[in-house]
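Spelled out, the chains give:
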Amino acid sequence: MELLRSWGLEDRIHADADDVEMTMLAMTSAARADQGEVIDVGYPTRSQSAMLSPTRAVCVAQDHLESELLEHLAGYSTVTVEHGCEVLEVALAERSLLVTVRDAAGRRRVIEAGYVVGADGARSVVRRSAGIVLDGPDDLHRGVRVEFHAPLWDVLGKHRHLIYAITDPEASGVLLPAGRSDRWIFAVSYDGDDTGSGEWPTNAALVQRLLKATGLSRRDVRTTRFDTFSAGAQVADRFSRDRLFLVGDAAHRVTPRGGTGLNIALADGYNLGWKLGWVLRGWASTSLLASYESERRPIARHNVARSADPAGASRPAASERHLDLGGRIPHRWVAPGRSTLDLLGEGLTLMGSRRPRLTRNDGIRQRGTTRRRAA
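This report concerns the structure included in the present document. (Residues numbered from 1 in each chain as written. Predicted model: local features only at pLDDT ≥ 70, side-chain atom pairs only at ≥ 80, totals over all residues. Heavy atoms only, no water.)

**Looking at the overall build of the protein chain**
In terms of regular secondary structure, the protein chain is built from twelve helices and 18 strands. Summarising its shape, the C-alpha atoms of the protein chain cover approximately 85 × 60 × 35 Å along the three principal directions. Looking at the protein chain as a whole, 38% of its 375 residues qualify as buried. Of all intrachain contacts in the protein chain linking residues separated by at least 6 positions in sequence, the fraction that spans at least 24 positions is 65%. As presented, the protein chain carries roughly 21500 Å² of accessible surface, and 50% of it is formed by carbon and sulfur atoms. Within the protein chain, the 47 negative side-chain charges are centred at a point lying 10 Å from the centre of the 50 positive side-chain charges. (Helix = DSSP H or I, 4+ residues; strand = E, 2+ residues; numbered from the N terminus. Buried < 20%, exposed > 50% of the residue type's maximum accessible area, 1.4 Å probe, protein only. Contact = heavy atoms within 4.5 Å. Areas by Shrake-Rupley, 256 points an atom, 1.4 Å probe, with all protein chains shown as cover. Lys, Arg positive; Asp, Glu negative; His and termini not counted. Charge placed at Lys NZ, Arg CZ, Asp CG, Glu CD.)

Listed below in structure tokens is the structure:
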């Protein structure tokens, strides 16, 4: 959120975010939320955020966030956004990289680039072209997911949280608010059904489980999507080769536990992005780019290990704070609505304090105090 604030997007993201505390509520069903247990999941609460940051963590649907980022990016005259293109291969030439792409009509062309950033997910073509491999389990966590619309906030009332864990064995799963007021996701971990047949549950069975988890009737629920998912806990053996770099799931895969995947992907892009900007502007030598992996790998390894831990989602925010802040300067309010973080420019930023101007008489009367302050 601090990065989004620095890009002028904070208010737009807040506008479509669900108003929740960044905690988990464990309950037998949504109808019994008042009997639930609040559990920390590593995110700071509003009060904790206010002590450390000019903004706060929010619960926002990924498709809304991506649309806001895309619209912002397309506003730059130096940026070209192409849809419906598939990267087939990246080849190293003598002084550049050659990217072969195919458009929706099947036409191929080659783009010559000085640098390539592979943000193309867990099955990254860019990573494969570079001969970089992922280390770690590939299919650690599997499940099924239902996207639906329902007046669930009316059932939950004042109990508004980031995530809801359903503990009833016949309805166990996770409920997640997914933006647009009434859109939700119900996810169920799956390692074979109760009969041991190994068959995925039917959509009808999932809906019945969902109704028991929410306490709603069938007429109150409109399902829009069913799908399966699998997740690994992996880190690439390297994050770059020559002038090719990896960010996000292309560089590291996490399971849904802890909900850190999108956050660390954004932080990857920011870390690498400003460094590439400095190199291309001639502000720094290419040696600066080596710091991308050395700074991001420890954070990726921490979150990958956390996501592989069956209890990894339940952590106090304080244990994750050093990773969240990432060594940035401390936040202090310097004016109404203006933080020290808001003072940082594109290049190096020098900060200092302004000494109060004293009159001649003030200087005589306060000379001792003034000298002590200066010292």
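Next comes the rest of the description.
**What about the side chain of K275?**
As for its placement among the helices and strands, K275 is situated in helix α8 (residues 261–281). The exposure class of K275 is buried, given its relative accessible area of 0%. Here K275 is in contact with L288, L289, S291, Y292 and E295, once residues within four sequence places are set aside.

**Some words on the pairing of strand β1 (residues 21–27)**
β1 sits mainly inside the fold: six of its seven residues count as buried. In this sheet, strand β9 (residues 161–166) lies alongside β1 in parallel orientation, the contact comprising five bridges. Residue pairing across strands places L25 opposite Y164, the latter belonging to β9. Two strands pair when backbone bridges link them, and β1 and strand β2 (residues 37–40) are joined in this way by four bridges, in the antiparallel orientation. Considered in β2, the bridge of A26 is made with E37. (Pairing = 2+ DSSP bridges.)

**Overview of the packing of α8 against helix α9 (residues 290–308)**
At a minimum axis separation of 10 Å, α8 and α9 run at an interaxial angle of 175°. Between α8 and α9, the angle falls in the class roughly antiparallel. Taking contact as the criterion, the partners of I264, A267, D268, N271, L272 and K275 in α8 are, on α9, S291, Y292, E295, R296, I299 and N303. For the contact of α8 with α9, a count of residues per class yields five nonpolar, three polar and four charged. (Axes fitted to C-alpha atoms, helices over the stretch in contact; angles between N-to-C directions. Parallel < 35°, antiparallel > 145°, perpendicular 65-115°, else oblique. Nonpolar A, V, L, I, M, F, W, Y, C, P; charged D, E, K, R; others polar.)

**Describing a nonpolar patch on the surface**
A surface patch of nonpolar side chains, amounting to about 380 Å² of accessible area, comprises I329, V334, L343, L344 and M351. Topologically, V334 is positioned in strand β17 (residues 333–335). Relative accessible area serves as the criterion here: at 46%, V334 is assigned to the partly exposed category. (Patch = residues over 30% accessible without salt bridge, like charges linked within 9 Å, V, L, I, M, F, W, Y side chains within 5 Å. Salt bridge = Lys/Arg side-chain N within 4 Å of Asp/Glu carboxyl O.)

**So, the pairing of strand β3 (residues 86–92)**
Bridge count for β3 against strand β4 (residues 97–102) is six bridges, and the pairing is antiparallel. Bridge assignment links E89 to a residue of β4, and that residue is T100. Connecting the antiparallel pair β3 and β4 is a turn made up of four residues.

**Remarks on the nonpolar core**
Side chains of a nonpolar character, in soluble globular proteins, are inclined to be buried together. In this structure, M27, F148, L152, L156, Y164, L175 and W184 are the most contacted members of the largest nonpolar core, which totals 36 residues. Going through the elements one at a time, β1, β8 (141–149), α6 (152–156), β9, β11 (183–189) and α7 (203–214) are the ones with two or more residues in this core. Residue contacts for M27: discarding those within four places in its chain leaves R32, A33, G36, L156, Y164, A165, I166 and T167. Core analysis: the second largest hydrophobic core is formed by 31 residues, L97, A130, F239 and L244 among them. (Core = buried A, V, L, I, M, F, W, Y, C linked by side-chain atoms within 4.5 Å.)

**A look at α8**
With 21 residues, α8 ought to run about 30 Å at 1.5 Å a step, and its terminal C-alpha atoms sit 30 Å apart, in line with that. Turning to α8, its buried residues are G261, I264, D268, N271, L272, K275, L276, W278 and V279. The arc enclosing the buried residues of α8, seen along the axis, measures out at 160°, which places them on a common side. Taken together, the buried residues of α8 touch β6 (116–118), β15 (244–246), β16 (252–253) and α9. Immediately downstream of α8, the backbone of G282 shows phi near 80°, a positive value. (Expected span 1.5 Å × (residues − 1). Arc of directions from axis to C-beta.)

**A closer look at the packing of aromatic side chains**
Scanning the entire structure with this criterion turns up seven aromatic pairs. Taking the centre distance of 6.4 Å and the plane angle of 75° together, the rings of F245 and Y292 count as edge-to-face. Of this pair, F245 sits in strand β15 while Y292 sits in helix α9, placing them 47 residues apart in sequence. You can call F245 buried: its relative accessible area is 4%. The structure contains a cluster of three or more aromatic residues connected by ring pairs, namely Y115, F239, F245 and Y292. Lying over the aromatic face of W153, R160 brings its terminal NZ or CZ to 4.0 Å of the ring centre. The ring of F239 has R297 sitting right over it, with the charged end atom 4.6 Å from the ring centre. (Phe/Tyr/Trp six-rings, centres within 6.5 Å; stacked < 30°, edge-to-face > 60°. Lys NZ or Arg CZ within 6 Å of the ring centre and 35° of its normal.)

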